[in-house]
Structure formats: C-alpha cells, structure tokens
Amino acid sequence: MYFCNMAKTKTTYFCQNCGYQSSKWLGKCPECGEWDTFVEEIVSKADDKKHGVKKGERKAVPVAIGEISVQKEERIDCRSVELNRVLGGGLVPGSVVLIGGEPGIGKSTLLLQAALGMTGKRLLYVSGEESRQQIKMRADRIGGKNEQCYILNETFTTDIFKQIEILQPEVLIVDSIQTLYTDTLDSSPGSISQIRETAAELMRFAKSTQVPVFLIGHITKEGSLAGPKVLEHMVDTVLHFEGDQHYGFRILRSVKNRFGSTSELGIFEMQSGGLREVSNPSEILLSQREESASGVSIAAMIEGQRAMLIETQALVTPAAYGNPQRSATGFDLRRMNMLLAILEKRSGFKLGNKDVFLNIAGGIRVDDPAIDLAVLAAILSSLEDIALSLRVCFSAEVGLSGEIRAVGHIENRILEAEKLGFEQIIISKFSMKGLDVNRYKIKITAVSKIEEMITELFG
Ligand code: TYD
Ligand code: MG
C-alpha cells in the first residue's frame, strides 16, 4: 500500500464519458464531443512519483532474445468451453480480465456461473452492485455448487485487500470496477480517477500474487466502457459481452488479449437457469422451418475462428409511400445499398421504386463480407418471389463491378456446410485455387459474376 502525500494535491478535469483529461474545465469534450461532462477530480501528487525508478532500485538490463526462456504458462480451466476459448485456452494466472457490457446483458450471471462451476478452487466474488441475498438467489437459479465460492459486499479497496489476505482466494471477481473506491483519492466512486486507481491497485495485486482477477465494467449507451480508455490499456484482456435484448443469444467477444487471439468468440444463450453454452452456433442462426420461403438464403460465414451458417432474410416490396425505404438489421446498411446498386447496374433489376428490408436471423451482427452473396440471393429471391432451396448455401464477397470474390478459410466454410447436411455451396471461382473438390461430398459450384449466380439459381 502507499499513502497520499498530504502536502500537495493536484487536480485535473476528466470527461466522465470517455476519460479525456484536461488541465482546465471544458464545456465540450474534444475527444467524444459530449457536452458538460468535465468534472474536477483530485489526483494526488504523491501518486505520480510512485511510477519513477528510485535510487538503488534494480534496473533492467538488455537480454538477447534467444536467451530468454519461456515456460509454457499453465492455464486455469474456467469449466466453460466458451469462456476458455475466448480467453485463449483458459485463464492465465496473474492476469486481469475486464468484461464489459450493457446493464442487464448477463455479466454478473456469466461470472457467477463460472465461479460456481470452478469447483475445487477458492473464489472470492466481491460485489458492490448486489446484496449477498440477491447473489444467493441468482446462484440458486443457476444451480452450480462450489463450496469454496465466497461473496463479499464491500467497495473500499483497503478492506477488500484485508479480506483477501485472510481468505487467500485463488481467483478474484470484482462486480463492478465502477463501484470501488480507494482512500488515496478524494473523488467519488465511479469517477475516472477512482476507476483508474482502483484498477491499478487490483493490477498490482494480480501481478504480485499471480491471482487472476476478473473485473466487470459497465458500458455507456454509446457502447464504450464507462470509465477511461486507459482501463482498457491497463488490463491484459478485454472482453465484450453483447447481444440483442429481444433474443436470448449472447456473444462474448475478445477485444484485446495479451494471451491469445482477439478473433475468438463465445456464444451463449440466456435461459431461466443461467447461461447455456452454444457449441453449435448454426443451430440458433438457422431458423427452424420445414419448407422454403422466398427471400431466405443461407450464408456460410466465419466469426472469429468459427465457421457457422446463418440465415439472411430479405423482403422486397413496391414502395407504397413515395420514398423507398431501406433498412438492415445485423448488416451494414451502406453495404446493402451498395449491393442493391451493383444489382441494378450489372444485371438490370429495377430496385429504385422498391422497399428493401434485410434481416440477419438470431439478432447477431455480421461483419464477414462472405455473406454478400447470400444477401444478394435473398434479395433476388424476394424480388422474383421464387424460394431458394434450403439445402443450398453461399459464401463469397461481391465486388463493385459485380464480380464474385474469394473469401478466406473457404475449407472451413465448406466443411461446416457439409457437416450440417447442405447439398450445395456456391462460392467464388477464385476460391477454387488449391481446393481439392473430391474431398467433399457437398456439391461445390463456383461462379465469377452475378449473372452466373442468377443462372445457377433461377435457370
Ligand atoms: P445480469 O447478470 O444481472 O446482467 P449484468 O450483470 O450484465 O447487468 O443478468 C441480468 C438478466 O439476465 C436479467 O434480466 C435476468 C436474466 N437472467 C435470466 O434470464 N436467467 C438467469 O438464470 C439469470 C441469473 C438471469
Ligand atoms: Mg451485474
């Protein structure tokens, strides 16, 4: 612990929205553009010095990279395939993991469930958000049993560290970082400097004891972590827990990870008894239907490292009220408009007087350009009112001149489609290079222009 130097205090103004720091008060934040968000906070002078190297302290010396030995770091099993995956293969001892997400998305549930599942480990769940009884009720709903899961209602870090000293937990969970405060600063809990300082204390604790720490952080309406960006820079791993309020699906995304890939993704479903792990995402992303309908097509996409099949739905109708409406859910609207323009220009379909609505099933947001072709197919299918076979899927990007472009990891996509019983996949001709078609049972059709796809689909 360190104590504040009584003599001198320094104040700084922080934007409470994004954490921008300024030496004077500002009406509008130059970083995030919000008005009236600056609050004066006391930053102790003594704090600034602790980062400097004192006389007599051991200094670092350069070492040839070949001589640095690394032990394979062991990982703690969180007993959740999805959580382990997003962490890059389990929890690294001494690491600090920040989990951000909107209120009510399920952050507390996710971590309490992990805590209850990690039997044999002593865990401390520090909550400044909910009472012991509330947490117990939630635990009963989830229904895991870990005799060594301890709950502490405390927000003052000095007292938390005292309890940690006594309990000696092997994993620490803090819900949430915005409720903590330290007496080395005068500002109120949740203020930028408090968040930064309490997080720094927890970082030092994790690094000095090798106890991993999970921090829960709230996200503002704009989607950024409430609190300074520096929080994201400080911790080892930042995960975002997101999902659509109207669907039960939750996606855990790695935004930063010092110990693994950031392209990992975990998928859960919120049920009455807690979060269920979804090991086969296609099961939720393909809506269950018996017969085909027009305007529906299926794309083989990749999120993170995982291939999955997802349903795209389009509705194209004559615009009844003047200006045609265009809307897209789960897909970039500008990209949809671009695809519509390509369709008009390259294949002569008239869409200027049509309303076009596009929806990605399951309420998830897709960034993979490989779903372009499926989006086009869904739009054409609705426009012509011809249903496509539900045993056919698509995986290719569409370029501005109507060319069908190759996408990465085509083998994974084909294998996933085959595994799920699809009979045909339509891909780009340029994806065929080096592809051993005989390896697959599924029929692979390669096209290089929109016109070829139209002929393939509608004859
Ligand atoms: P919570 O973990 O409290 O969210 P956060 O910590 O991110 O604010 O989850 C809140 C929602 O999850 C709440 O609306 C109820 C729902 N829920 C279930 O549907 N089933 C459950 O078993 C649990 C524990 C919560
Ligand atoms: Mg919570």
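Residues numbered from 1 in each chain as written. Chains lettered and ligands numbered in written order. Predicted model: local features only at pLDDT ≥ 70, side-chain atom pairs only at ≥ 80, totals over all residues. Heavy atoms only, no water.

1. Observations regarding the domain arrangement of the protein
Inclusion rule: Where each domain starts and ends comes from a domain assignment, either automatic or drawn from a database. Simply put, the buried area is the total loss of 1.4 Å probe accessible area from both parts when two parts are fitted together. Only one rule defines a salt bridge in this text: a Lys or Arg side-chain nitrogen within 4 Å of an Asp or Glu carboxyl oxygen. Between N or O atoms, a polar contact is any pair within 3.5 Å; within protein, one atom must be a potential hydrogen donor and the other a potential acceptor, and residues adjacent in sequence are included only when both atoms are from side chains. Helix and strand assignments come from DSSP, with helices taken as H or I runs of at least 4 residues and strands as E runs of at least 2, each series counted from the N terminus.
Parsing the protein into structural domains produces domain 1 (11–42), domain 2 (75–279) and domain 3 (284–458). Each partner contributes to the roughly 1,100 Å² buried at the junction of domain 2 and domain 3, and carbon and sulfur atoms together form 54% of this total. Counting every contact that joins domain 2 to domain 3 gives three salt bridges. The partner of Arg365 in a salt bridge is Glu242, with the nearest N and O atoms 3.4 Å apart. Between the two partners, domain 2 and domain 3, sit six residue pairs in polar contact (both at pLDDT 80 or more). Going through the elements one at a time, helix H2 (81–86), strand E10 (249–257) and strand E11 (265–271) are the ones with two or more residues in the side of domain 2 that touches domain 3.

2. Side note on the environment of Ser193
The condition is simple: For each residue, the accessible area found with a 1.4 Å probe, counting protein chains only, is set against the maximum for its type, and the residue is called buried under 20%, exposed over 50%, and partly exposed in between.
Turning to its location among the elements, Ser193 is positioned in helix H6 (residues 192–209). Ser193 sits in the buried class, given a relative accessible area of 3%.

3. A closer look at unusual backbone geometry
Ser176 follows Asp175 through a cis peptide bond whose omega is 0 degrees. As for its position among the elements, Ser176 is in the loop between strand E7 (171–175) and H6. Positive phi is not limited to glycine here, since Asp36 has a value of about 55 degrees. By the element assignment, Asp36 lies in the loop between strand E2 (21–22) and strand E3 (38–44). Relative accessible area serves as the criterion here: at 60%, Asp36 is assigned to the exposed category. Despite not being glycine, Gln210 shows a phi value in the positive range, around 65 degrees. Considering the arrangement of structural elements, one finds Gln210 in the loop between H6 and strand E8 (213–218). Residue class for Gln210 comes out partly exposed when judged on its relative accessible area of 45%.

4. With respect to the site of ligand 1
Put simply, the rule is: Summary of the distance rule: residues count as near a molecule or strand when at least one heavy atom falls within 4 Å of that molecule or strand.
Looking at ligand 1, there are 15 residues lining it, with Gly104, Ser108, Thr109, Gln271 and Gly274 nearest. The backbone of Gly104 places a nitrogen or oxygen atom 2.7 Å from an oxygen atom of ligand 1. In this structure, Ser272 approaches ligand 1 through a main-chain N or O atom, which is 3.0 Å from an oxygen atom. Going through the elements one at a time, helix H3 (107–117), helix H4 (132–142) and E11 are the ones with two or more residues in the shell around ligand 1.

5. A look at the pattern of salt bridges
A pair can form between side chains of opposite charge whenever their charged atoms are brought close. Within this structure, the stated rule accounts for 22 salt bridges. A network of salt bridges, in which partner residues are shared, links Glu242, Arg253, Glu303, Arg365 and Asp367.

6. Observations regarding the environment of Asp77
We apply this condition: By definition, residues are in contact when any of their heavy atoms lie within 4.5 Å.
Mapped onto the fold, Asp77 is located in the loop between helix H1 (45–49) and H2. Each C-alpha atom, one on Asp77 and one on Asn153, is 26 Å from the other, the two residues being 76 residues apart in sequence. With near-sequence residues (within four places) excluded, Asp77 lies in contact with Asn84 and Met118. Within the structure, Asp77 has its side chain in polar contact with the backbone nitrogen of Arg79 (distance 2.8 Å). At 2.7 Å, the side chain of Asp77 and the side chain of Asn84 are in polar contact.

7. With respect to the packing of aromatic side chains
Defined as follows: Stacked, edge-to-face and tilted labels apply to pairs of Phe, Tyr and Trp rings (six-membered ring for Trp) whose centres lie within 6.5 Å, assigned for plane angles under 30 degrees, over 60, and everything in between, in that order. Charges are assigned to positions over rings by a cutoff of 6 Å between ring centre and Lys NZ or Arg CZ, combined with an angular limit of 35 degrees from the ring normal.
A full pass over the atoms with the stated rule returns four aromatic pairs. Plain terms: the ring middles of Phe156 and Tyr181 are 5.1 Å apart, the flat faces sit at 20 degrees to each other, and that makes the pair stacked. Of this pair, Phe156 sits in the loop between strand E6 (149–152) and helix H5 (157–167) while Tyr181 sits in the loop between E7 and H6; the two residues are 25 residues apart in sequence, bridging distant segments of the chain. Here Phe156 falls in the buried class, since its relative accessible area comes to 15%. Relative to Phe268, the ring of Phe241 has its centre 5.9 Å away and its plane inclined at 85 degrees; by these criteria the two rings are edge-to-face. Residue Phe241 is located in strand E9 (residues 237–243), and its partner Phe268 is located in strand E11; the two are separated by 27 residues in the primary sequence. Comparing Phe241 with Phe268, the two get one shared label, buried. The residue whose ring lies beneath Arg391 is Phe422, and the NZ or CZ to ring-centre distance is 5.7 Å.

8. Quick word on the pairing of strand E20 (residues 424–428)
As a reminder, the rule being used: At least two DSSP bridges between two strands are needed for those strands to be called paired.
Among the five residues in E20, five count as buried, and that is most of the element. The sheet contact formed by strand E17 (residues 392–395) and E20 spans four bridges and is parallel. Opposite Val392, over in E20, you have Gln424 as the bridge partner. Bridging between E20 and strand E21 (residues 443–447) involves five bridges; their strand directions are parallel. Residue pairing for E21: Ile427 is matched across the bridge by Ala446.

9. Examining the sheet that holds strand E16 (residues 354–360)
Test applied: Lines fitted to C-alpha atoms define the axes, with helix axes restricted to the stretch in contact, and inter-axis angles between N-to-C directions lie between 0 and 180 degrees.
The strand order across the open sheet formed by seven strands is E15-E16-E14-E13-E17-E20-E21, and the pairing between neighbours is mixed. In this open sheet, the two strands that pair with only one neighbour each are strand E15 (326–329) and E21. Ignoring which end each strand starts from, the neighbouring axes of this sheet average 25 degrees apart. Bridge analysis of strand E13 (residues 296–303) against E17 gives two bridges, and the strand direction is parallel. Across the sheet, the residue bridging to Ile298 is Cys393, located in E17. With respect to the sheet, helix H11 (residues 410–419) is in contact with E13, strand E14 (306–318), E17, E20 and E21, its orientation differing from that of E14 by roughly 80 degrees. Each of E17, E20 and E21 touches helix H12 (residues 450–458); the most contacted strand, E21, lies at about 140 degrees to it.

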